[in-house]
Amino acid sequence: MSIPRPVNFRTLDLNLLRVFDVVMEERHVTRAAHRLAITQPAVSNALRRLREATHEELFIPSSTGVEPTPHAQALWPVVRRALSSLQQALEPQVFDPRAAGNTVSFTLAMADATAALVVPQLARRFLDEGIHVGLRVVPLTTRDPRELLEQGWADLAIGFFPDLTEQLLVEDDSAAFRREALYASRYVCVMRADHPLAAPGALTLDAYCAAQHLRVSFAGRAHGFVDDALAMIGRKRTVAMTVNSFFTGTMAVQQSDLITVLPDSFVPATGFAGQLACRHLPFALRGIDISQVWHVRAEPDPAQRWLRQVIGEISDVIAAGARALPQTAPPPPEPAEPAEPA
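Student: Provide a residue-level description of unusual backbone geometry, including the pertinent values.
Tutor: Positioned with a positive phi, arginine 27 is a non-glycine residue whose angle comes to about 55°. Its location among the elements puts arginine 27 in the loop between helix H1 (15-26) and helix H2 (29-36). Not every positive phi belongs to a glycine, and histidine 55 is a case in point at roughly 60°. Within the secondary structure, histidine 55 is located in the loop between helix H3 (40-54) and strand S1 (59-62).

Student: Quick rundown of empty space enclosed by the protein? Include the residues and the values.
Tutor: Counted by the stated rule, this structure contains two cavities of 30 Å³ or more. Here the largest cavity is characterised by a volume of approximately 160 Å³. Along the wall of the largest cavity there are 20 residues; nearest its centre are Ala113, Thr114, Arg143, Pro263 and Ile290. When residues of the lining of the largest cavity are traced back to their parent elements, those giving at least two are helix H5 (112-128), strand S5 (156-160), strand S6 (177-185) and strand S12 (288-295). A class-by-class count of the residues in the lining of the largest cavity yields 15 nonpolar, four polar and one charged.

Student: Any chance you could break down the pattern of salt bridges for me, citing the residues and the numbers?
Tutor: Counting across every chain of the model gives 20 salt bridges. Among the ionic pairs, glutamate 129 bridges to arginine 98, the shortest N-O distance being 3.1 Å. Linking glutamate 129 in the loop between H5 and strand S4 (134-139) with arginine 98 in the loop between helix H4 (70-90) and strand S3 (105-110), this pair joins segments that are 31 residues apart in sequence. Here aspartate 257 and arginine 192 are joined by a salt bridge, their closest N and O atoms 2.3 Å apart. Of this pair, aspartate 257 sits in the loop between helix H10 (246-254) and strand S10 (260-263) while arginine 192 sits in strand S7 (residues 187-192); the two residues are 65 residues apart in sequence, bridging distant segments of the chain.

Student: Lay out the pairing of S5 with the relevant residues and their values.
Tutor: Regular strands place side chains that alternate from one sheet face to the opposite one. Most of S5 sits out of view: five of its five residues are buried. Across four bridges, the pairing between S5 and S12 is antiparallel. Directly across from isoleucine 158, in S12, lies its bridge partner glutamine 292.

Student: Describe helix H7 (residues 162-170), listing the residues and the values that go with them.
Tutor: Those residues of H7 not exposed but buried are Pro162, Leu164, Thr165 and Leu168. End-on view of H7: buried residues confined to an arc of 160°, all on one side of the axis. Looking at the buried positions of H7, the neighbouring elements they touch are helix H6 (146-150), S5, S6 and S12.

Cut-offs used in this document
- Residues numbered from 1 in each chain as written.
- Predicted model: local features only at pLDDT ≥ 70, side-chain atom pairs only at ≥ 80, totals over all residues.
- Heavy atoms only, no water.
- Helix = DSSP H or I, 4+ residues; strand = E, 2+ residues; numbered from the N terminus.
- 1 Å grid on protein atoms, 1.4 Å probe; cavity = no way out; pocket = protein on both sides within 12 Å on 5 of 7 lines; lining within 4 Å.
- Points joined across faces, edges and corners; volume = space filled by probe spheres on them.
- Nonpolar A, V, L, I, M, F, W, Y, C, P; charged D, E, K, R; others polar.
- Salt bridge = Lys/Arg side-chain N within 4 Å of Asp/Glu carboxyl O.
- Buried < 20%, exposed > 50% of the residue type's maximum accessible area, 1.4 Å probe, protein only.
- Pairing = 2+ DSSP bridges.
- Arc of directions from axis to C-beta.
- Contact = heavy atoms within 4.5 Å.

The following block contains the structure:
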């Protein structure tokens, strides 16, 4: 077995690490060169020099650009933390979001049900207050955002993270992630307004299980948290369709006999809530606690702190504006066991 040769830090050009970081983000040499305002050959030369310094292959060509090797994947979080620490030490610790020359940009990971509430509030605030920052929203396809945040693919994840929340509640300050509760919601059964099960008293447990269902699953799984809750009481449902978007699912049930389960806070954001009926589920299903989660390395960054404060203030508006939905019966008590993601 060969012994890895050490890197000579006395001769290592730290600019190479910045190039490495951007190429890891872009997975494309030409796009990285554009972001760094240097030529493509200069990026290629920097990667060659870093490869020679580390004695390891870092990237391999692919049909879409370049793909990092396992060594590069392991190195990247360390490099990102180091670059972030240097930036925080050298840059002023005051962030002015209204500065015309701002080049700060944030990436938020959210499911469409959350984005439908948060993004319009952000857009209104940014325009009303003359805020000059970039914002990119990427889809959240998991209930565990830790890899997204660890790898730097998102600055902030906003959503329902039951397992991570419980873990962070028992961990001390040494945890690699931080969480802040934002607003609460609950799951309701949603169908078109003139659906037979929308009639008063019609949505019994037997009727619910006998209906044709649409499941919303970020990852397209064939089993979800509703199925788990039904299994706990010895029941099951028939799922006729599975989609990975709350909005797509809502459109489908509005135009069919399918029924689905959605966060009640999302329904008004569809724009056609008047064409839908929302009813309490005839079985116990835990509520939804929306929170924002970030990596601990973002904790001292003044721009990141500002963003988290804005998200918190927007969430207060969302919580205050939640409207009452028509119901057929009091909701059952919530289960003690945490639900799995759909």
